Amino acid sequence: MRKQGLQIAGFAAVVAAIQLMAHVTGNPYHLTQLTMSAYYSLVVLGLCILTGYAGQISIGHAGFFAIGGYLSALLTTYNLSAHGGPIVSVLAAMGILTRRPDLYGGELLTVHPWPACIFAVLTAVAIAYAIGGPVLKLKGHYLAMATLGFGIIVYRIVLGTELVGSADGIYDVPAFPLLPGIAVSGKSSLRVMNYYVAWGFVILGMVFLLNLVRSRVGRALASIHGAEDAAEAMGIPTARYKLKIFVVSAAFAAVAGVLLTHYNGGIGPSESSVMKSVRYLAIVAIGGMANLWGTLLMSLLLNYLSLRGYFGTYDDAVFGVILILIMLFAPGGLLRRDLLEEVKGVFRGNGEKAS
Amino acid sequence: MNIELFLQYVVAGITYGTIYGIVAIGFNIIYNTTGIINFAQGEFVMLGGMAAVTFSRFLPLPAAILVAVLVTTAIGALIEILFIRWLHRPSVLRMIVITIGLSILIREVALHIWGESVRALPYFTGTSVTSFRLGGVYISPQVLWVVGISTVVVASLGGFFRYTLLGMQMRACAANRDAARLCGISAKNMVTFSFMLSAAIGALGGCIVSPITYVQYDSGVPLAIKGFTVAILGGLGNSLASAGAGMLLGILEAFSISLLPAAYKDAISVAILLVILFARPSGLFGSTEVTRLKEF
């Protein structure tokens, strides 16, 4: 436990050091991409626990991200004042509506970000719960195709629905007041605060997942990954554990979707595209599959490079190449947990693989 | 809905269904010899269509199609040799991820070669407005080309697997890889052949439908997912059944447009895929007992 606390503290120090470095070198705008990387990292960490630890592939996580982001964006931008009617009055009486001025001096009556966020995440969780049962019965190709299919359905619906802006997506999404004085918003004056808020979320998520992995659940997941039938024979309710972890990882994606949408002030259909899901998977693979820290560091690095445009027009190709190379030459992932031991072994003079 | 409109939808469904069947056959050929699903299958169709359009600028149409098919076949062989041949008993998860990576790579290369523009081959006979009436239904001659060539492909594929030595060797590998190797068949070469065959069929399919459906760098993914739906619907590994299942999906899709916005067309066929996967993963014509023994 102490080691874990040190790791978390070390990571927090790195986060702070990066901010200081950006401040000192006079590049504060880099923090914007780093903040976005943080939210993408939440999705990737959720996927890491599902694919890396429990061994269940998902090529549809962008779908959960989009469900969270789109629902929250829709509820906080859809103007109810013209509608009236009993439902609006009931919502108003519950105190979950809020008024804010729009760009043209008029007034918008929308759902407050907090209830919108809760509704969006709960919906994503409910959907994960509903489809998780039948999807997780599948294995291998079928599981991959089913999750890919889920992602495509979300993408197509988002792209084809007028209400959520079709190809334009939803914009003018308001800031998300988390606590008095703290808001998730893309305003440049709030940049540093948002950087810490975002990475704060990541650290919270990390603590939760690290503890989950070390718990009874984590050991059950590892046994499912190793040999599902054997785990079942040992009396582990594999189906229930797989569903639980699927829902947890979908919730991570949905929360990230909500927060990033409020941070960016909008969301577009590309957030739900297959390529995004593949990208999350690529980061988990390069991060070492069952390695939360490796995945987090790779996510920070690759998302940042990608968002800053270092890959140019080869952005998607880079992630494709990463996937192929990792799977060809290091199918256990690049930053495997036992890699350090192996390197130590080499220096100790015994060339045997320590696994 | 009157009977003529009904038949018109059926014709549209058959046209699209044929191409889904072709993609599904490509999946099946590789699945049978290797036990893997090649997620880059749709990219072969796209490559065939795009390459044929390019070659048709300085070659007569039949020659352009032939060259496009040969080039795609060579790419199929290259992919197998570079990325798959030397792997030792790869896990299913590993193969899924590698073929997904390949599909992205092919798509990105296509994007850099051809850009984002939408292309199409000219109609093989007549133009886009040429049509003839059959029992109150307007049919484009291209539909006949699509259905005709696909029928020839399916029939000759059946003949190839049944009567030629190479075909029988491939079937032997599919039935029992180790036993086939004991008989002196190079299992590795058979896998390469299966990639070439599947790339060639995909490319030919891409050529014949491109006048109707158009092609662009990213048209592979929806085709792959629908081809997979069809392959599952017909029972994975069963090529003849996938041809029939292709028609079924094509017709269902054509009718779905009359009920729901066209933008949801792809979502519907994917939803059908999910329903089949959940309810009857052995397919409509497959046996549940056999499926349970297969490793996915």
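Per chain, the residues get numbers from 1 upward, laid out in the order the sequence is written. Following the order in which they are written, the chains are lettered starting with A and the ligands numbered starting with 1. Given that the model is predicted, a residue must reach a pLDDT of at least 70 before its local features are reported, and side-chain atom pairs must reach 80 or more before they are shown or counted; all residues, however, enter totals for whole chains, interfaces and linings.

Q: Can you lay out the overall build of chain A for me, pointing to particular residues and giving the numbers?
A: Looking only at helices and strands, one finds 14 helices and six strands in chain A. The atom set for the radius of gyration is the C-alpha atoms, and the globule formula is 2.2 Å times the number of residues raised to the power 0.38. Its C-alpha atoms give chain A a radius of gyration of 21 Å, near enough to 20 Å, the size a compact globule of 355 residues would have. Dimensions of chain A, computed from C-alpha atoms along their principal axes, come out at roughly 75 × 55 × 40 Å. Residue burial here comes from a neighbour count, namely the number of other C-beta atoms, placed from the backbone, that lie within 10 Å of the residue's own C-beta, with 20 or more meaning buried, 12 or fewer meaning exposed, and in between meaning partly exposed. Burial statistics for chain A: of 355 residues in total, 46% are counted as buried. For the purpose of contact definition, each residue receives a C-beta atom placed from its backbone, and two residues are in contact when these atoms lie within 7 Å. Contacts in chain A between residues at least 24 apart in sequence constitute 78% of all its contacts with a sequence separation of at least 6. Secondary structure elements follow DSSP: runs of H or I of four or more residues count as helices, runs of E of two or more count as strands, with numbering from the N terminus.

Q: Mind laying out the overall build of chain B, listing which residues take part and the relevant values?
A: Tallying secondary structure elements over chain B gives 12 helices and two strands in all. Counting from the amino terminus, chain B carries its helices and strands in the arrangement α-α-α-α-β-β-α-α-α-α-α-α-α-α. With respect to the principal axes defined by its C-alpha atoms, chain B has extents near 60 × 50 × 35 Å. In chain B, buried positions account for 50% of the 296 residues. Once local pairs closer than 6 in sequence are excluded, the contacts in chain B between residues at least 24 apart make up 76%.

Q: Now, about the pairing of strand β1 (residues 97–101) of chain A: what can you tell me, with residues and values included?
A: Counting buried residues along β1 of chain A, only zero of its five residues qualify, which leaves the element largely exposed. Hairpin geometry of β1 of chain A and strand β2 (residues 107–111) of chain A is characterised by an intervening segment of five residues between the two adjacent antiparallel strands and by a positive phi of about 85° at glycine 105 of chain A. Note: two strands are recorded as paired if DSSP finds a minimum of 2 bridges between them.

Q: Which residues make up the packing of helix α11 (residues 274–286) of chain A against helix α13 (residues 315–329) of chain A, and what are the values?
A: Residue and element names in this part refer to chain A. Only C-alpha atoms enter the line fits that serve as axes; for helices the fit covers just the stretch in contact. Angles between N-to-C directions range over 0 to 180 degrees. Running from N to C, α11 and α13 point in directions that differ by 40°, and their axes come no closer than 9 Å. Classified by the interaxial angle, the pair formed by α11 and α13 is oblique. Note that α11 runs across α13; the crossing there is left-handed. Two secondary-structure elements touch here, α11 through Met275, Val278, Arg279, Ala282, Ala285 and Ile286 and α13 through Asp316, Phe319, Ile322, Leu323, Ile326 and Met327. Class assignment of the residues belonging to the contact of α11 with α13 gives a composition of 10 nonpolar, no polar and two charged. Under this scheme an angle from 65 to 115 degrees is roughly perpendicular, one under 35 degrees roughly parallel, and one over 145 degrees roughly antiparallel; angles in between are oblique. It is the rotation of the near helix from the far one that decides the hand of a crossing: anticlockwise by less than a right angle makes it left-handed, clockwise makes it right-handed. Note that Gly is not counted as nonpolar here; it falls among the polar residues with everything else outside the nonpolar set of Ala, Val, Leu, Ile, Met, Phe, Trp, Tyr, Cys and Pro and the charged set of Asp, Glu, Lys and Arg.

Q: Explain the nonpolar core to me, and be specific about the residues and the numbers.
A: All names here are of chain A. For this entry, the nonpolar core is defined as buried Ala, Val, Leu, Ile, Met, Phe, Trp, Tyr and Cys residues connected by C-beta atoms within 7 Å. Counting 197 residues, the largest nonpolar core has Ala254 and Ala256 as the members making the most contacts within it. If you tally residues by element for this core, the top one is helix α2 (residues 30–53), at 15 residues. With residues up to four places along the chain from it excluded, the contact list for alanine 256 reads Tyr39, Tyr40, Leu42, Val43 and Phe65.

Q: Break down unusual backbone geometry for me, with residues and values.
A: Residues and elements named next belong to chain A. One non-glycine residue, aspartate 172, adopts positive backbone phi at about 60°. If you trace the backbone, aspartate 172 turns up in the loop between β3 (170–171) and β4 (176–179). Using a count of 12 C-beta atoms within 10 Å as the deciding quantity, one classes aspartate 172 as exposed.

Q: Explain the interface of chain A and chain B to me, and be specific about the residues and the numbers.
A: Listed per partner, the contact involves 32 residues of chain A and 30 residues of chain B. Among the secondary structure elements, those contributing two or more residues to the side of chain A that touches chain B are α6 (140–160), α11 and α13 of chain A. Per-element tally for the side of chain A that touches chain B: the top contributor is α6 of chain A, with 14 residues. Of the residues in the side of chain A that touches chain B, the class split is 24 nonpolar, five polar and three charged.

Q: Lay out α11 of chain A in plain terms, naming residues and giving numbers.
A: Residues and elements named next belong to chain A. Working rule for helices: expected span equals 1.5 Å times residues minus one. With 13 residues, α11 should reach 18 Å at 1.5 Å per residue; the first-to-last C-alpha distance of 18 Å fits that figure. Listed as buried for α11 are Val274, Lys276, Ser277, Val278, Arg279, Tyr280, Leu281, Ala282, Ile283, Val284, Ala285 and Ile286. Phi turns positive one or two residues past the end of α11, at glycine 288, with a value near 105°.

Q: Run through the pairing of β4 of chain A, naming residues and quoting values.
A: All names here are of chain A. Across three bridges, the pairing between β4 and strand β5 (residues 182–184) is antiparallel. Among the inter-strand pairings, proline 177 is bridged to a residue of β5, identified as alanine 183. The hairpin turn running from β4 into β5, its antiparallel successor, is two residues long, and glycine 181 in that turn takes a positive phi close to 90°.

Q: How would you explain the confidence of the model for chain B if you had to name every residue and give the values?
A: Averaged over all residues, the pLDDT of chain B equals 87, while 96% of them reach at least 70. The ipTM for the predicted assembly is 0.86, set against a pTM of 0.89. Known as pLDDT, the predictor's confidence for each residue is given on a scale from 0 to 100.

Q: Any chance you could break down the environment of leucine 305 of chain A for me, citing the residues and the numbers?
A: Residue and element names in this part refer to chain A. Relative to the helices and strands, leucine 305 resides in helix α12 (residues 292–307). C-beta crowding within 10 Å serves as the criterion here: with 15 such atoms nearby, leucine 305 is assigned to the partly exposed category. Non-local contacts of leucine 305, meaning those with residues more than four positions away in its chain, are made with Tyr310 and Phe311.

Q: Please provide a residue-by-residue account of the confidence of the model for chain A, values included.
A: Scored by pLDDT, chain A comes out at a mean of 88, with 93% of its residues at no less than 70. Within the model, the stretch residues 351–355 of chain A combines pLDDT values under 50 with eight contacts to residues more than four positions away or in other chains.

Q: So what's going on with the environment of serine 282 of chain B? Residues and values would help.
A: Residues and elements named next belong to chain B. Structurally, the position occupied by serine 282 is in the loop between α11 (265–279) and α12 (288–293). Since 17 C-beta atoms lie within 10 Å of it, serine 282 is described here as partly exposed. Separated by 50 residues in the primary sequence, serine 282 and isoleucine 232 have C-alpha atoms spaced 7.0 Å apart.

Q: Tell me what's going on with the environment of glycine 184 of chain B, and back it up with residues and numbers.
A: All names here are of chain B. Mapping glycine 184 onto the fold places it in the loop between α7 (177–182) and α8 (187–213). Exposure remark for glycine 184: the 7 C-beta atoms within 10 Å place this residue in the exposed category. Sequence spacing of glycine 184 and glycine 76 is 108 residues, and the spatial spacing of their C-alpha atoms is 24 Å.

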